[in-house]
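Observations on the model geometry
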Amino acid sequence: MERRSNVAQLHSAMGSKGPQKPRKNRLISKRRQKRALWICLVFAIILLFLGFQLFSAKSQLHRVNADISEKKVEVKKQNQQQKKLKQRQQLLNNDDYVKDLAHSKYGYVKKGETTYHFVNK
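Predicted model only: the values in this text are computed from it and were never measured. (Residues numbered from 1 in each chain as written. Predicted model: local features only at pLDDT ≥ 70, side-chain atom pairs only at ≥ 80, totals over all residues. Heavy atoms only, no water.)

Here's the deal with the overall build of the protein chain
Quick note on the threshold: In this text, helices come from DSSP runs of H or I with a minimum length of four residues, and strands from runs of E with a minimum of two, each type numbered from the N-terminal end. Burial classification: accessible surface area is computed with a 1.4 Å probe over protein chains only, and a residue below 20% of its type maximum counts as buried, one above 50% as exposed, and the rest as partly exposed. Only the protein chains shown count as cover for residues, with accessible areas throughout obtained via the Shrake-Rupley method and a probe of 1.4 Å.
When helices and strands are counted, the protein chain shows three helices and zero strands. The order of helices and strands in the protein chain, counted from the N terminus, is α-α-α. Out of the 121 residues belonging to the protein chain, those deemed buried represent 1%. A total accessible area of about 13500 Å² is found for the protein chain, and carbon and sulfur atoms account for 58% of it.

As structure tokens, this is what we get:
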């Protein structure tokens, strides 16, 4: 059995250098320059678009974080106010406190009781 090779013999004139025609520089041809310019323009437009998206996302994130911090401060104030109101409610449930408050703040007195007001000079 004889095996055949898949490699073909080169023609002898193919490898030799014959008369050469003057060629244009392929690396700097006008067509390649235009193509490279278009590719760079498309790439620049994509980068600008993505940069704008990144900038807007960061600014939006900054605004949201500022809103969150403001709301946290507001919640803290509301919690403090709620705590004060609960303490006030507990005091108002105490009869002795209510009597003392009515006596001192509103000037109510029991029957037969005399109230004296001292004026500082």
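Focus on the UniProt feature "transmembrane region" (unreviewed entry) in the protein chain
To keep things clear, this is the line we draw: UniProt positions are given in the numbering used here, feature names are shortened, and annotations may be inferred rather than shown by experiment.
Feature annotation in UniProt assigns "transmembrane region" (unreviewed entry) to the following positions: residues 36–55. Taken as a whole, residues 36–55 contains 100% helix and 0% strand, while its terminal C-alpha atoms sit 28 Å from one another.

Describing helix 3 (residues 95–106)
The criterion, for reference: A helix is expected to span 1.5 Å for every residue after the first. Polar contacts, as used here, are pairs of N or O atoms within 3.5 Å; protein pairs need one atom able to donate a hydrogen and one able to accept it. Residues neighboring in sequence count only if both atoms are side-chain atoms.
Relative to the 16 Å expected for 12 residues at 1.5 Å per residue, helix 3 spans 16 Å between its end C-alpha atoms, a close match to the ideal helical length. Across the 12 residues of helix 3, one count as buried, placing the element largely on the outside. Capping of helix 3 at its N-terminal end is provided by Asn 94; its side-chain oxygen lies 3.2 Å from the backbone amide nitrogen of Asp 96. Of the residues one or two after helix 3, Gly 107 is the one with positive phi, at around 75 degrees.

Some words on the confidence of the model for the protein chain
What counts is decided by this rule: Every residue is assigned a pLDDT by the predictor, reflecting its confidence on a scale from 0 to 100.
Scored by pLDDT, the protein chain comes out at a mean of 85, with 81% of its residues at no less than 70. The lowest-confidence element of the protein chain is helix 1 (residues 12–15), averaging 56 in pLDDT; the highest-confidence one is helix 2 (residues 30–92), averaging 95.

Quick word on the packing of helix 2 against helix 3
The relative placement of two packed helices is expressed as an angle between their axes plus a distance between the axes. This is how the line gets drawn: What counts as an axis is a line fitted to C-alpha atoms, over the stretch in contact for a helix, and the angles between N-to-C directions run from 0 to 180 degrees. Comment on the angle field: the value is read as roughly parallel under 35 degrees, roughly antiparallel over 145, roughly perpendicular from 65 to 115, and oblique elsewhere. Contacts are assigned to residue pairs that have any heavy atoms within 4.5 Å of one another. For this classification, the nonpolar set comprises Ala, Val, Leu, Ile, Met, Phe, Trp, Tyr, Cys and Pro, the charged set comprises Asp, Glu, Lys and Arg, and every other residue, Gly included, is treated as polar.
Helix 3 packs onto helix 2 with a crossing angle of 95 degrees between their chain directions and a minimal axis gap of 6 Å. When the axis of helix 2 is compared with that of helix 3, the two are roughly perpendicular. In this structure, helix 2 contributes Arg 88, Leu 91 and Leu 92 to the contact, and helix 3 contributes Tyr 97, Val 98 and Leu 101. Grouping the constituent residues of the contact of helix 2 with helix 3 by class yields five nonpolar, no polar and one charged.

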